[in-house]
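Architecture and fold: a report
Below are the chains, spelled out letter by letter.
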Amino acid sequence: MTNDSTLVTRRPDRSFTVTDRMARNLGWFSIGLGLAELIAPDRIARSLGLEGKENLLRGHGVREIGAGIGALSVDPTPAMWSRVGGDLLDLGTLAIGFRDGDEAQRRNAGMAIAAVVGVTIVDLITAASLTRERRESRGERRDYGDRSGFPGGVAKARGQARGDFETPWDMKAAPAERVLGELEPA
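Criteria and thresholds
Residues numbered from 1 in each chain as written. Predicted model: local features only at pLDDT ≥ 70, side-chain atom pairs only at ≥ 80, totals over all residues. Heavy atoms only, no water. 1 Å grid on protein atoms, 1.4 Å probe; cavity = no way out; pocket = protein on both sides within 12 Å on 5 of 7 lines; lining within 4 Å. Points joined across faces, edges and corners; volume = space filled by probe spheres on them. Helix = DSSP H or I, 4+ residues; strand = E, 2+ residues; numbered from the N terminus. Nonpolar A, V, L, I, M, F, W, Y, C, P; charged D, E, K, R; others polar. Contact = heavy atoms within 4.5 Å. Expected span 1.5 Å × (residues − 1). Buried < 20%, exposed > 50% of the residue type's maximum accessible area, 1.4 Å probe, protein only. pLDDT = per-residue confidence, 0-100.

**Some points on the layout of surface pockets**
- Considering only enclosed or pocket space, the largest pocket measures out at about 340 Å³ in volume.
- What lines the largest pocket is a set of 18 residues, among which Leu33, Glu37, Asp90, Leu94 and Val116 lie closest to the centre.
- Those elements that place two or more of their residues in the lining of the largest pocket are α1 (18–39), α2 (41–48), α3 (54–71), α4 (77–100) and α5 (103–139).
- In terms of residue count, α4 provides more of the lining of the largest pocket than any other element does, 5 residues in total.
- For the lining of the largest pocket, the class distribution of residues is 11 nonpolar, 2 polar and 5 charged.

Written as structure tokens, this is what we have:
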């Protein structure tokens with residue numbers, strides 16, 4: 001992760017990718033849509049020909065909020081696949097409105113279907129990309145073979161204890177005989 005990034009990813013050695021950012025944006029979108037479905041299911045149902053299905057819309061809202069929260073997590077992959085499945089449920093629900101609604105409701109449902117198809121494509125691409133990145137990161141091992149543990153390298157560390165090396169004052173110990181002498185009774 002870069003020093004200027006404050007966002008957490010599932011891999012500590014990198015910052016957010018374009019796919020991570022897309023998942024995050026879709027997560028916020030999902031939360032907003034879910035809140036709308038929870039707050040105003042009657043208005044949504046009326047405009048889409050889904051009268052009597054307000055509780056179903058509330059359930060879709062809860063699902064959207066859950067997927068949105070998951071998409072904002074460290075690993076958004078499962079939540080993105082949940083969004084894809086939810087999109088399919090949304091399309092099925094909208095098909096009912098398209099079938100049963102009046103002319104204005106069918107037009108609204110048709111536009112909503114087109115929008116959901118577009119979002120489904122974005123969700124699918126994002127979920128597949130996150131899955132691919134996840135697989136790649138599992139097979140990847142960090143290689144520390146070029147590290148020695150010595151800041152100046154092994155060659156510079158060799159021989160440093162010879163010559164003019166002096167033990168730091170806080171590392172020096174009192175001679176054993178002086179300490180033992182202090183412990184014996186007089």
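**A short note on the side chain of Thr131**
- Structurally, the position occupied by Thr131 is in helix α5.
- For Thr131, the residues in contact, after removing those within four places along its chain, are Thr77 and Trp81.

**Looking at α3**
- In a regular helix each residue adds 1.5 Å, so 18 residues correspond to 26 Å; α3 covers 25 Å between its end C-alpha atoms and thus fits that length.
- By the burial criterion, the buried members of α3 are Leu57, His60, Gly61, Arg63, Glu64, Ile65, Ala67, Gly68, Gly70 and Ala71.
- Where α3 is buried, its residues meet α1, α2 and α4.

**Considerations on the confidence of the model for the protein chain**
- For the protein chain, per-residue confidence averages 82 on the pLDDT scale, and residues scoring 70 or more make up 69% of the total.
- Within the model, pLDDT remains below 50 along residues 1–6, and this stretch shows 8 contacts once partners closer than five positions in the same chain are excluded.

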